[in-house]
Amino acid sequence: MRQAVLNNILTRRSIRKFQSAPIPRESLEKIVEAGLYAPSARNSQPWHLTVVSGQDRLARITAELKAAVSRMPDNPYKEVVGSAAYSVNYGAAPVFIIVSAAPDSSPVVVADCSLALGTMFLAAHALGIGSCWINQLGIACDEPGFRAFLTQLGVPAQNRIYGCGAFGFAEGDAPPAPARKEGRVTYVPE
Ligand SMILES: Cc1cc2nc3c(=O)[nH]c(=O)nc-3n(C[C@H](O)[C@H](O)[C@H](O)COP(=O)(O)O)c2cc1C
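This report concerns the structure included in the present document. Quick caveat, the model's predicted, so the values are computed rather than measured. (Residues numbered from 1 in each chain as written. Predicted model: local features only at pLDDT ≥ 70, side-chain atom pairs only at ≥ 80, totals over all residues. Heavy atoms only, no water.)

### Looking at the pattern of salt bridges
Scanning the entire structure with this criterion turns up six salt bridges. Taking the shortest distance from any N to any O, the salt bridge between E29 and R25 comes out at 2.9 Å. Remark: R25 and E29 occur in helix 2 (residues 25-36); sequence separation between them is four residues, near one turn of the helix. Classification of E29 as partly exposed rests on a relative accessible area of 44%. In this structure, K30 and E26 form a salt bridge, with 3.5 Å as the shortest nitrogen-oxygen distance. Taken together, the residues K30 and E26, both in helix 2 and four residues apart, mark about one turn of the helix. Judged by relative accessible area, K30 falls into the partly exposed class, the value being 41%. Assessed through its relative accessible area of 57%, E26 is described here as exposed. (Salt bridge = Lys/Arg side-chain N within 4 Å of Asp/Glu carboxyl O. Helix = DSSP H or I, 4+ residues; strand = E, 2+ residues; numbered from the N terminus. Buried < 20%, exposed > 50% of the residue type's maximum accessible area, 1.4 Å probe, protein only.)

Dropping the structure here:
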């Protein structure tokens, strides 16, 4: 069992080719529950998870994001998001989870929300479901038109977006793990 947990950590990869098949509700709820059990500073649990399912809704998120980024003069993702190939779910993933929080809800809100998302990625992988962090919504979340759309979607009005994930069954094999960078660990002698 312990070995299985470690193996799950080592074999998770960011998936960018998805099947459009839906994720069974029971699996989705397990993934979300795992996210809610992530550690957080001072047990702040500052996150709110907006779980969006279905190709039409996800296509709408992509369309609203593209429109918002095109209205933002300094958005660094202009080229990426503006490209015809861009979508928040790699064109197929059936579920998109937005992790948001009030900026003052924890002293380290970015870390808290990142752990929630990372924990959901590992839980998904354990259930045979692929995932990928999608980063382009955070910078756009205070653009007025996009904010109005997010509010309609259920993202609390006072929250900023700290991370998002696309989830779905992988199409084909996962890519190999990128090589680990050298010199990133120092074991200090006792
Ligand atoms: C903070 C963060 C932002 C990321 N943003 C994106 C993104 O916008 N799109 C994407 O395809 N992958 C994104 N990734 C996934 C990374 O590219 C990926 O984790 C990295 O290349 C290592 O590959 P692996 O996850 O398969 O180990 C992001 C990962 C992190 C942690």
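### Overview of the site of the ligand
The local shell around the ligand consists of R12, R13, S14, R16, Y90, C132, W133, I134, N135, Q136 and P178. Here R12 contributes a side-chain N or O atom positioned 3.0 Å from an oxygen atom of the ligand. Contact between the ligand and N135: an oxygen atom at 3.0 Å from a main-chain N or O atom of the residue. Here the ligand, which alone exposes 610 Å², has 61% of that area covered by the protein. Split by residue class, the shell around the ligand holds five nonpolar, three polar and three charged. (Near = heavy atom within 4 Å. Polar contact = N/O pair within 3.5 Å; in protein donor to acceptor, adjacent residues only side chain to side chain. Areas by Shrake-Rupley, 256 points an atom, 1.4 Å probe, with all protein chains shown as cover. Nonpolar A, V, L, I, M, F, W, Y, C, P; charged D, E, K, R; others polar.)

### Observations concerning the packing of aromatic side chains
Going through the model one piece at a time under the given rule, you end up with three aromatic pairs. An angle of 70° between the planes, with centres 6.5 Å apart, marks the rings of F121 and W133 as edge-to-face. Linking F121 in helix 5 (residues 109-126) with W133 in strand 3 (residues 130-134), this pair joins segments that are twelve residues apart in sequence. Its relative accessible area of 31% is what places W133 among the partly exposed residues. On the numbers, 5.7 Å between centres and 45° between planes, the contact of F121 with F167 is tilted. (Phe/Tyr/Trp six-rings, centres within 6.5 Å; stacked < 30°, edge-to-face > 60°.)

### Focus: the sheet that holds strand 2 (residues 95-101)
Strand order across the open sheet formed by four strands is 1-2-4-3, with antiparallel pairing between neighbours. A strand with exactly one partner marks an edge of an open sheet, and here the two such strands are strand 1 (47-53) and strand 3. Strand-to-strand, the axes of this sheet are offset by a mean angle of 20°, without reference to chain direction. Examined bridge by bridge, strand 1 and strand 2 share seven bridges and lie antiparallel to one another. Paired with V51 across the strands is I97, a residue of strand 2. Here helix 5 sits on the sheet and contacts strand 1, strand 2, strand 3 and strand 4 (160-168); the angle it forms with strand 4, its principal contact strand, is near 5°. (Pairing = 2+ DSSP bridges. Axes fitted to C-alpha atoms, helices over the stretch in contact; angles between N-to-C directions. Contact = heavy atoms within 4.5 Å.)

### Overview of the nonpolar core
Core analysis: the biggest nonpolar cluster contains 29 residues, and L65, F96, I98 and L137 have the highest contact counts within it. Those elements that provide at least two residues to this core are helix 3 (55-71), strand 2, helix 6 (144-153) and strand 4. Sequence-distant contacts of F96, defined by excluding residues within four places in its chain, comprise T50, V51, V52, L58, I61, V88, I134, L137, C164, G165 and A166. By size, the runner-up hydrophobic cluster in this structure holds 21 residues, among which are L49, V95, M120 and Y162. (Core = buried A, V, L, I, M, F, W, Y, C linked by side-chain atoms within 4.5 Å.)

### Concerning helix 3
Under the 1.5 Å per step criterion, the end-to-end length of helix 3 is 24 Å for 17 residues, consistent within 8% with the ideal 24 Å. Taken residue by residue, helix 3 has L58, I61, T62, E64, L65, A68 and V69 as its buried positions. Of the surrounding secondary structure, the elements contacted by the buried residues of helix 3 are strand 1, helix 4 (78-82), strand 2 and helix 6. (Expected span 1.5 Å × (residues − 1).)

### A closer look at the packing of helix 1 (residues 2-11) against helix 5
At a minimum axis distance of 9 Å, the contact between helix 1 and helix 5 shows a crossing angle of 110°. Taken together, helix 1 and helix 5 sit at an angle that is classed as roughly perpendicular. Counting all contacts with helix 1, which are made through N8, I9 and T11, the residues of helix 5 involved are L122, H125 and A126. Each residue belonging to the contact of helix 1 with helix 5 can be placed in one class, and the counts come to three nonpolar, three polar and no charged. (Parallel < 35°, antiparallel > 145°, perpendicular 65-115°, else oblique.)

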